[in-house]
Amino acid sequence: MTAALSNWQLDDAEQLLAGVERDPSPYVAAAPAADAPDGAPASLGRAWADTLRAELLVRRLRVAGFTVVGDPVSPDSPAEPSLDLHAGVAELIEGTGEGADPRAESASRAALAIALVRSAKAAFDAADDDLQRAAGLARHARIELLSRRIDAAMDEAVEAASLLDPTLAPSVLLVDTLGTLAGVLADLELMPLALDYQRRAHETAQAAAADPAVLGPEDVHPDVLVAIAGTRLGELCAELGEGLLDDGAPESAAPYFAEARRLAEQALALLPPDSPGVVPAQIVHGWALVGLGAQAAAVGPLRAAVRLSSAVADRDRLASAQLALGRALRRQGDGRAADEHLVAALTLATGHGLPRLRRAALRELCTLHADLDDAGRALPYLQAYLTDELDRVDERRTRWVELFGRRKSLLETERAAGQLRRQAYEDPLTQLPNRRYAEARLDGLLAAGDVPALAVVDVDRFKSINDTVGHPGGDAVLRAIGDLLVAGVRDTDEVCRWAGDEFVILLPETTAEQAERALERIRASVARYPWSDLGLDVPVTISAGIASATRGDDRKTLFAAADGVLYDAKRSGRDRVVRLSAVTQTRAVDSAADASGGGTPAQEEATAPAAVAPVPPEADAARAATPLRDEAAGFASLLIGPHPPLGTDRPGEPLLGPVPADTAVITAPPPTAAEPAAVWATGRTTEQVLALVREARQEQPGRPVLVLRAAPETLVALAAEHGPATTMDAAAMSAAVGPVPEPVGRTTVLCASGADAPVAAEAAFVARVAGTEVLRLDDAAGSRVRALVEDRSLVDGVDCLVVVAGMEASLATTIGSLTDVPVVAVPTSAGQPSAFGGLGALLTMLNSAGSGVVVSTVDNGYSAGVFAARVARRAAAR
């Protein structure tokens, strides 16, 4: 079918398509297949049938002198106005009758071809097979070229090329698609690209022929596949060589003709004598001989090719054979015979839409009659050739203008978007990123699992600076501070203006200790800056607070921690850097070492708590000579463990494990029935919380005091007052002041989703402080829980399970039905507004709770943690 269409054997193609079952018109609804799902797109088989039928209609339109959109092929022809495609649609629906307009048949063909192309494109777009889609797009590009729709053809060719991944397996369809695309690119005057794709088609054919598994028993013979692809590649090589000859570069043309000759000879050696591919190979071989100057050797085979092409009505090959023979005769000096064959080639190329052959024939005829001094015959050919060349140039110019316009529009859009981004994320005074950018960037780092350090920097006594040098001078100070901050950090760090005289610095993958050293250098550089140049008699100084994120922190928690220690620096006298460092407690690697209370030096160093750097009141020189404060002093470590996704934890490795032996935390005697005292910080000021903690510590110094639902500044104040006796969890917004008991038994806390994390963190922290070892698993929902239960990693060695869920409230019942471990279900208020503040989750848990499952009140991680610790302690005591 493809060969019949390419050779303009349209009646033969019609007969081949007659056996394909399809609806007579796309305007008539097709009956769906019995086994096709509702709304299923047309099959690829039907899409190919529609594509071939559309190409047949378009070729018939070309023979009739029209394009698919109803315009005459020759715009300068006064005899044929454009078709009325609406009349064609009417003919398709109502049928043709006697006395109908003869032009209605062409209009009907055009309307039907358009409908078929749209239907086929929709089916190819819906296909999952990239190769099938590319093959369809390449064929549609050919149809668009036949219809003189150059821009549409280029779009189809570009999309087809984008789908032809170099890793596609060799196949007959891939060879055919690459060859079709090469032909389209050649007609689009993109000859270097066309040569590349046809060369790839030849290489793919060779690879397919070398693998017997690629070609099925009904596919083309391997030798024939390679020969046809090689012939097409040779044809493009000869065409490129001919163009170079016309440009007066015979030395550059010779390699192309030599390659074309070699490919044609290889093809002739591979093809059987009766193969239809023999004639195209003979034409390429003769053309190559002519290009190499061997016209006498080429004339005989080319005459045979003309006879064979005429016998089978192969118009495309006949035009190529006539052109090659005419070219050979012209260069041999037989002008009369050359004219006959060249005119025949011109007629065929014009009638069947072969623009490259037409231009070549016109050029040869013009040259022939110029050599014969027949200006009267040469002039019309020259005018026609120049017209074609001008049309081609106009088409190119139009495409380039359109591409230029698109590119210009894209650049303008990108520029406008960049201006909007700058306006949205840039501080106009300092040209630094603003608070909006800093918040978004910090959220992105934390969401990606990064553990950045955050420094909050404040200009000391900025109001007095404004009073001294005025607001313009104050603005100059802020710009200078911004420049000094940027100069003092790495390229990967980001300095942002937060508000007023406050800046923040984001330091990805940086510990608080590393950030402190950088900020200390910046603080010194600010103090040394020549501020007198800006009219200031007193040097400008800065204070900075630094906090290091831990997994589970959010932006607000991290900023509040850094901002809290900034105020600590302010209260301590300004012009200093204070850090609050969080250390993730490591899991036990060697149980024997844990049992003996020892470990490797590396392990002991990894679990050592960090502290606040010293801020001596001496001058800059003394400050520079003073070492960092002893790590045993200052703020206590933050016990915020990593929250891995479900299934990544190994059995026996707690998230909140034992406190390292080398910390200053005082361990308690074996646990008793007494629970830790609890202080709820909600609704209380920091001073009120501190007073309650002091009172509880005085009454029972051997028990820890739990502070729950505390603001970050309250946690910072607790750590500042009680030092290493304070254990904090920023994710739980909780702290324990006093000796944390050795863990007895084991509890696992499962968090259904990220929205439930604060309550889950609270339950885990309380259970640990209440005296049990705790493992916390996040994002525990659905089939992942069943998989963990089945491989026993969730329940082995666990004395109690705490399930925290809001939207996934049924998770507790699911777990309770899969294990005999006691389950504490904690409903949360997280979720949609329809959850009614957690009431929906509570009712779900109460109504579905089975034996072995108890339910706490909404968002009550404290009660769940205490209950779980009691169960674990009693189970371990048995």
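Residues numbered from 1 in each chain as written. Predicted model: local features only at pLDDT ≥ 70, side-chain atom pairs only at ≥ 80, totals over all residues. Heavy atoms only, no water.

Enquirer: How should the overall build of the chain be read in this particular structure?
Expert: Tallying secondary structure elements over the chain gives 31 helices and 14 strands in all. Looking at the chain as a whole, 49% of its 878 residues are labelled buried. Sequence separation of 24 or more characterises 69% of the internal contacts of the chain that already satisfy a separation of 6 or more. Carbon and sulfur atoms form 55% of the exposed surface of the chain, whose accessible area is close to 40300 Å². (Helix = DSSP H or I, 4+ residues; strand = E, 2+ residues; numbered from the N terminus. Buried < 20%, exposed > 50% of the residue type's maximum accessible area, 1.4 Å probe, protein only. Contact = heavy atoms within 4.5 Å. Areas by Shrake-Rupley, 256 points an atom, 1.4 Å probe, with all protein chains shown as cover.)

Enquirer: What is the right way to look at the environment of His722 in this model?
Expert: Here His722 lies in helix α26 (residues 712–722). Of the residues examined, His722 reaches a relative accessible area of 18% and is grouped as buried. Sequence separation between His722 and Val693 is 29 residues, and the spatial gap between their C-alpha atoms is 9.9 Å. Here His722 is in contact with Val693 and Val737, once residues within four sequence places are set aside.

Enquirer: I tried to follow the side chain of Thr231 on my own but got confused; where do I start?
Expert: Tracing the chain through its elements places Thr231 in helix α10 (residues 222–246). There is a polar contact of 2.8 Å between the side chain of Thr231 and the backbone oxygen of Ala227. Setting aside its immediate chain neighbours within four residues, Thr231 contacts Ala267, Pro280, Ala281 and Val284. (Polar contact = N/O pair within 3.5 Å; in protein donor to acceptor, adjacent residues only side chain to side chain.)

Enquirer: What is the right way to look at a nonpolar patch on the surface in this model?
Expert: A contiguous nonpolar surface patch, about 420 Å² in accessible area, is contributed by Phe836, Leu839, Leu843 and Leu846. Here Leu839 lies in helix α30 (residues 839–848). (Patch = residues over 30% accessible without salt bridge, like charges linked within 9 Å, V, L, I, M, F, W, Y side chains within 5 Å. Salt bridge = Lys/Arg side-chain N within 4 Å of Asp/Glu carboxyl O.)

Enquirer: Honestly, the pairing of strand β6 (residues 677–680) in this entry has me stumped. Any pointers?
Expert: Moving residue by residue along a regular strand, the side chains alternate between the two faces of the sheet. Pairing of β6 with strand β7 (residues 705–708), which is carried by four bridges, proceeds in the parallel orientation. The partner of Val679 across the bridge, within β7, is Val707. Each parallel crossover has a hand, and for β6 linked through helix α25 (residues 686–699) to β7 it is right-handed. (Pairing = 2+ DSSP bridges. Right-handed = clockwise from strand over helix to strand, strands pointing away.)

Enquirer: Would you take a moment to explain helix α29 (residues 811–818) for this structure?
Expert: Given 3.6 residues to a turn, an α-helix orients residues that are three or four positions apart in the same direction. Of the residues making up α29, those classed as buried are Leu811, Ala812, Ile815 and Gly816. Projected down its long axis, α29 shows its buried positions confined to an angular sector of 135°, all on one face. (Arc of directions from axis to C-beta.)

Enquirer: Teacher, can you tell me more about the sheet that holds strand β1 (residues 453–459) here?
Expert: Sheet strands pair by backbone hydrogen bonding; their relative direction is either parallel or antiparallel. In space, the five strands of this open sheet follow the order β2-β3-β1-β4-β5, with mixed pairing throughout. Only two strands of the sheet have a single neighbouring strand rather than two, namely β2 (494–499) and β5 (577–580). Mean inter-strand twist for the sheet, computed between neighbouring axes without regard to direction, equals 20°. Where β2 lies against strand β3 (residues 502–507), five bridges are found, and the strand directions are antiparallel. Its bridge partner lying in β3, Val495 is registered against Ile505. Sitting on the sheet, helix α20 (residues 512–528) is in contact with β1, β3, β4 (542–548) and β5, with an inclination near 170° to β4. (Axes fitted to C-alpha atoms, helices over the stretch in contact; angles between N-to-C directions.)

Enquirer: How should I be thinking about the nonpolar core in this particular structure?
Expert: Soluble globular proteins tend to bury their nonpolar side chains together. In this structure, Leu164, Leu188 and Tyr197 are the most contacted members of the largest nonpolar core, which totals 38 residues. At seven residues, helix α8 (residues 172–187) tops the list of elements feeding residues into this core. With residues near it in sequence (within four places) discarded, Tyr197 still touches Ala161, Leu164, Leu178, Leu181, Ala182 and Leu185. (Core = buried A, V, L, I, M, F, W, Y, C linked by side-chain atoms within 4.5 Å.)

Enquirer: Quick question: what am I supposed to make of the packing of aromatic side chains here?
Expert: The relation between two aromatic rings is expressed through the spacing of the ring centres and the mutual angle of the planes. On inspection of all chains with the given rule, the structure shows four aromatic pairs. For the ring pair Tyr529 and Trp531, a centre distance of 4.5 Å and an interplane angle of 55° mean the geometry is tilted. Exposure remark for Tyr529: the relative accessible area of 31% places this residue in the partly exposed category. (Phe/Tyr/Trp six-rings, centres within 6.5 Å; stacked < 30°, edge-to-face > 60°.)

Enquirer: Sorry, what's going on with α10 here?
Expert: The terminal C-alpha atoms of α10, which comprises 25 residues, lie 37 Å apart, in line with the 36 Å expected from a rise of 1.5 Å per residue. After α10 finishes, the residue Gly248 shows a positive phi value of roughly 80°. (Expected span 1.5 Å × (residues − 1).)

Enquirer: Explanation requested: the sheet that holds β6 in the structure shown.
Expert: With mixed pairing, four strands are arranged side by side in an open sheet as β6-β7-β9-β8. At either end of the open sheet lies a strand with only one pairing partner, and these are β6 and β8 (726–729). Ignoring which end each strand starts from, the neighbouring axes of this sheet average 20° apart. By the bridge criterion, four bridges tie β8 to strand β9 (residues 734–737) in an arrangement that is antiparallel. Residue Met728 lies in a different strand from β9, and its bridge partner there is Ala735.

Enquirer: Even after reading the chapter, I still don't get unusual backbone geometry, so can you show me in this structure?
Expert: Residues other than glycine predominantly adopt negative phi, and peptide bonds predominantly adopt the trans conformation. Of note, Arg461 is a non-glycine position whose phi angle comes to about 50°, a positive value. Looking at the secondary structure, you find Arg461 in the loop between β1 and α19 (462–487). Given a relative accessible area of 52%, Arg461 falls into the exposed group. For Arg709, which is not a glycine, the phi torsion comes out positive at approximately 55°. Within the secondary structure layout, Arg709 lies in the loop between β7 and α26.

Enquirer: It is not clear to me how the pattern of salt bridges should be interpreted in this structure. Could you clarify?
Expert: Opposite charge on two side chains permits pairing when their charged atoms draw close. This structure, assessed with the given rule, holds 28 salt bridges. One salt bridge in this structure joins Lys570 and Asp460, with 2.8 Å as the shortest N-O distance. In this pair, Lys570 is assigned in helix α21 (residues 555–571) and Asp460 in the loop between β1 and α19, connecting sequence segments 110 residues apart. Accessibility expressed as a relative area gives 16% for Lys570, which makes it buried. Arg490 serves as the salt-bridge partner of Asp493, at 2.7 Å between the closest nitrogen and oxygen. Judged by relative accessible area, which is 8%, Asp493 ranks as buried. Exposure remark for Arg490: the relative accessible area of 41% places this residue in the partly exposed category. Each of the salt bridges in this network shares a partner with another, and the network as a whole consists of Glu242, Arg327, Arg330, Arg331, Glu364 and Asp371.

Enquirer: Even after reading the chapter, I still don't get the packing of α10 against helix α14 (residues 315–332), so can you show me in this structure?
Expert: The description of two helices packed together rests on the angle between their axes and the distance between the axes. Contact pair α10 / α14: the axes reach a minimum separation of 14 Å and the direction vectors enclose 40°. Relative to α14, the element α10 lies oblique. As α10 runs across α14, the sense of the crossing is left-handed. Across from Glu235, Glu242 and Leu245 in α10, the residues of α14 making contact are Arg317, Ser320, Arg327 and Arg331. Across the contact of α10 with α14, the residue classes tally to one nonpolar, one polar and five charged. (Parallel < 35°, antiparallel > 145°, perpendicular 65-115°, else oblique. Left-handed = near helix turned anticlockwise from the far one by under 90°. Nonpolar A, V, L, I, M, F, W, Y, C, P; charged D, E, K, R; others polar.)

Enquirer: Please clarify how a negative patch on the surface should be interpreted in this entry.
Expert: A cluster of acidic side chains, namely Asp128, Asp129, Asp130 and Asp165, defines a negative patch on the protein surface. In this fold, Asp130 is placed in helix α6 (residues 130–146). (Lys, Arg positive; Asp, Glu negative; His and termini not counted. Charge placed at Lys NZ, Arg CZ, Asp CG, Glu CD.)

Enquirer: Help me understand the environment of Ile283, please; the structure alone is not making it clear to me.
Expert: Locating Ile283 in the fold gives a position in helix α12 (residues 278–291). Residue Ile283 is classed as buried on the basis of its relative accessible area of 4%. C-alpha separation for the pair Ile283 and Ser320, spaced 37 residues apart in sequence, amounts to 7.2 Å. What Ile283 contacts, discounting residues up to four positions off in sequence, is Leu302, Ala305, Arg317, Ser320, Ala321 and Ala324.

Enquirer: It is not clear to me how the pairing of β3 should be interpreted in this structure. Could you clarify?
Expert: When you tally the buried positions in β3, you get six out of six residues, the bulk of the element. A two-sided burial pattern is seen for β3, the buried positions comprising Glu502, Val504 and Leu506 on one face and Phe503, Ile505 and Leu507 on the other. Here β1 runs beside β3; their pairing, made up of six bridges, is antiparallel. Following the sheet pairing, Leu454 is matched in β3 by Leu506.

Enquirer: Sorry if this is basic, but what is going on with the side chain of Asp799 here?
Expert: Structurally, Asp799 can be placed in the loop between α28 (783–790) and β12 (800–805). We note that Asp799 is buried and unpaired, the nearest opposite charge coming from Arg746 at a distance of 7.8 Å. For Asp799, the contacting residues outside a window of four places in its chain are Gly745, Arg746, Val821, Pro822, Val871, Ala872 and Ala875.

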